[in-house]
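An overview of the molecular structure
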Amino acid sequence: MKDLIIVGAGPVGSHLAKKFSEKGNDVLVIEQSDEIGKPLACSGHVSPDIWKFVPEDKRDRLEQNQISGARFHDDGDEYRFYKENETVSYVIDRVELDRVKAEEAQEAGADYRLGEKVMDVNEHDRYVEVQTQGDSYNAKMVAGCDGASSTVRHKLDLPEPDQFYQGVLCFSDEDDSGDFVDVFLEVPEFFGWRIPRSDSVEYGAAVPKGEEPMKWLDRILERYDVEKQKVCAGAIPIGPPSTVTSDRVFLVGDAAAQTKPFTGGGILYGMRSSDVASRTIDIDSPSTLDTYEKGWREELIWDIRIGQVIKSSYSMPSIAQKMGMWLFQGEIGVHMDRPTSLFSLAQLKSLLRRN
Ligand SMILES: Cc1cc2nc3c(=O)[nH]c(=O)nc-3n(C[C@H](O)[C@H](O)[C@H](O)COP(=O)(O)OP(=O)(O)OC[C@H]3O[C@@H](n4cnc5c(N)ncnc54)[C@H](O)[C@@H]3O)c2cc1C
């Protein structure tokens, strides 16, 4: 019997595998895809915090561009938010991130089974049984790191995230190493984007259920008159469910909707929650799952709550959006993953510098 089975070898599953293997646990990661990191459905636009989770000597494999600000477009008007002489965010190769994290986990001792889809999960008094298409495995605990449409969450009857959005993205073969991303606010309830990736440019849009993401992506592409290539899509969960643990099973990452409500970004919130899981959960003591449930909420809840307020501004009337952006535009002191930093000294200083 394994100590821990992790379903899903995304960045969150592999980071969790590394952390639990380093603690001396016997860890098995089961991944449905034959190839780590594929299919791609993510921009890999992340805050500088990413480098806390990537070994220094692997950084070159990931980094594609550095971003210092964003241009928000609303009905022909443009508002700029930026940091002077500072990198606000990085554009990274998301497939390489998944590979690097899986390599780290394997070096720490985790076993990987690729090309096996988990079909069922059953909790028993002393263990959990995981069934794939061809095999059955037992472990003391199971972690569902299987993304937005988590099978583990579904099979354990754990509650669903509050909302799902649908994201679509594509690439064009323009060379662009610019340091601004573009954000398009005409997309209902969310936004569209343009991200310069050095040897290509990514365009994308995310919309609530019921809307057609391709229609909005095509509208953005019309402005730039480029051919779309390599189109891919994925679900974005927003609003964590009331519980992400059962007797011997816990969810981490998108499976637990540990995402930034105003962007849908979940790479860093998921990896931070993996750190909380490895600090709080003792595989031989199922009652420690309560400590994880409290711990990850303490780590993220204020940023998620304030993020939800920011997200609600996407549905405000255009005039209110424009006033808000006009007021706050210019240099910012905010950390992109920590909206609580809106109330920080750095943000206050940058507001004062403008007046
Ligand atoms: C269009 C789009 C753009 C995005 N851009 C960004 C961004 O710029 N920055 C950011 O931070 N976040 C972004 N995100 C969100 C980001 O992709 C997720 O938050 C992140 O991938 C979550 O990681 P994870 O490991 O929890 O889940 P995932 O990366 O989804 O990994 C889950 C893994 O589980 C596997 N799996 C699923 N079901 C099973 C099963 N039954 N059996 C076995 N394996 C299974 C999958 O194959 C996958 O490998 C974006 C999302 C979308 C859709």
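The structure this text deals with has already been given above.
Below or above, wherever it landed, is the structure these notes cover. Note that the structure is predicted; figures quoted are calculated from it, not measured.

The rules behind these values
- Residues numbered from 1 in each chain as written.
- Predicted model: local features only at pLDDT ≥ 70, side-chain atom pairs only at ≥ 80, totals over all residues.
- Heavy atoms only, no water.
- Patch = residues over 30% accessible without salt bridge, like charges linked within 9 Å, V, L, I, M, F, W, Y side chains within 5 Å.
- Areas by Shrake-Rupley, 256 points an atom, 1.4 Å probe, with all protein chains shown as cover.
- Salt bridge = Lys/Arg side-chain N within 4 Å of Asp/Glu carboxyl O.
- Helix = DSSP H or I, 4+ residues; strand = E, 2+ residues; numbered from the N terminus.
- Buried < 20%, exposed > 50% of the residue type's maximum accessible area, 1.4 Å probe, protein only.
- Phe/Tyr/Trp six-rings, centres within 6.5 Å; stacked < 30°, edge-to-face > 60°.
- Lys NZ or Arg CZ within 6 Å of the ring centre and 35° of its normal.
- Arc of directions from axis to C-beta.
- Contact = heavy atoms within 4.5 Å.
- Near = heavy atom within 4 Å.
- Polar contact = N/O pair within 3.5 Å; in protein donor to acceptor, adjacent residues only side chain to side chain.
- Nonpolar A, V, L, I, M, F, W, Y, C, P; charged D, E, K, R; others polar.
- 1 Å grid on protein atoms, 1.4 Å probe; cavity = no way out; pocket = protein on both sides within 12 Å on 5 of 7 lines; lining within 4 Å.
- Points joined across faces, edges and corners; volume = space filled by probe spheres on them.
- Pairing = 2+ DSSP bridges.

Brief notes about a nonpolar patch on the surface
- Together, Trp326, Leu327 and Phe328 make up a nonpolar patch on the protein surface, roughly 380 Å² of accessible area in all.
- With respect to the secondary-structure elements, tryptophan 326 resides in helix H8 (residues 318-328).
- A relative accessible area of 60% means that tryptophan 326 is categorised as exposed.

Describing the packing of aromatic side chains
- This model, assessed by the stated rule, comprises 11 aromatic pairs.
- Ring geometry for phenylalanine 20 against phenylalanine 250: centres 6.4 Å apart, planes inclined by 40 degrees, an arrangement best described as tilted. Taken together, the residues phenylalanine 20 in helix H1 (residues 11-22) and phenylalanine 250 in strand S17 (residues 249-251) connect sequence positions 230 residues apart. As far as burial versus exposure is concerned, phenylalanine 20 and phenylalanine 250 are alike and both buried.
- Ring pairing ties together the aromatic residues Tyr165, Phe190, Phe191, Trp193 and Tyr314, which thus form one cluster.
- Lying over the aromatic face of phenylalanine 180, arginine 80 brings its terminal NZ or CZ to 5.2 Å of the ring centre.
- Here arginine 305 stacks its cationic end above the ring of tryptophan 302, 5.1 Å away from the centre of that ring.

Side note on H8
- Looking at H8, one finds that the buried residues are Gln321, Lys322 and Met325. Burial along H8 is one-sided: seen end-on, the buried residues are contained in an arc of 95 degrees. Turned more than 90 degrees away from the buried face of H8 sit Ile319, Met323, Trp326 and Leu327, all of them exposed.
- Its buried side turned inward, H8 meets strand S5 (69-74) and strand S6 (77-82).

Comments concerning the environment of leucine 4
- Position of leucine 4 relative to the elements: it lies in strand S1 (residues 2-7).
- Sequence separation between leucine 4 and phenylalanine 81 is 77 residues, and the spatial gap between their C-alpha atoms is 44 Å.
- With sequence-adjacent residues up to four places away left out, leucine 4 is seen in contact with Phe20, Asp26, Val27, Leu28, Ala139, Met141, Val142, Ala143, Phe250 and Ile283.

Structural notes on the site of the ligand
- As a structural note, the neighbourhood of the ligand is formed by 32 residues, with Glu31, His45, Arg94, Val118 and Asp254 the closest of them.
- Within the side chain of threonine 151, a nitrogen or oxygen atom sits 3.3 Å from a nitrogen atom of the ligand.
- Within the backbone of isoleucine 267, an N or O atom sits 3.2 Å from an oxygen atom of the ligand.
- For the ligand, whose accessible area on its own is 990 Å², the fraction buried by protein is 88%.
- For the shell around the ligand, the secondary-structure elements that each account for two or more residues are H1, strand S2 (27-31), strand S12 (163-172) and strand S16 (229-238).
- Of the residues forming the shell around the ligand, the biggest block, three residues, is contributed by S16.
- Grouping the constituent residues of the shell around the ligand by class yields 12 nonpolar, 14 polar and six charged.

A word on the side chain of arginine 297
- Of note, arginine 297 is situated in helix H7 (residues 289-312).
- Among the polar contacts made by the side chain of arginine 297, one reaches the main-chain carbonyl oxygen of serine 242 at a distance of 3.1 Å.
- At a separation of 2.8 Å, a polar atom in the side chain of arginine 297 contacts the side chain of glutamate 293.
- Setting aside anything within four residues of it in sequence, one finds arginine 297 in contact with Pro240, Pro241, Ser242, Thr243 and Val244.

Points about the layout of surface pockets
- The calculated volume of the second largest pocket comes to roughly 320 Å³.
- Contributing to the lining of the second largest pocket are 16 residues, with Leu40, Gln64, Phe171, Arg197 and Lys230 lying nearest its centre.
- A breakdown of the residues in the lining of the second largest pocket according to their chemical character gives five nonpolar, five polar and six charged.

Some points on the environment of valine 309
- By the secondary structure assignment, valine 309 is in helix H7.
- For valine 309, a relative accessible area of 57% corresponds to the exposed category.
- Distance from valine 309 to phenylalanine 262, taken between C-alpha atoms, is 8.3 Å for residues 47 residues apart in sequence.

Details of the sheet that holds strand S4 (residues 63-67)
- If you walk across this open sheet you meet the three strands as S3-S7-S4, and the pairing is antiparallel. For this open sheet the edge positions go to strand S3 (45-46) and S4, each flanked by a neighbour on one side alone.
- Bridging between S4 and strand S7 (residues 89-92) involves four bridges; their strand directions are antiparallel. From the neighbouring strand, asparagine 65 faces S7, where its bridge partner is valine 91.

No statement about biological role is implied by the geometric values presented.
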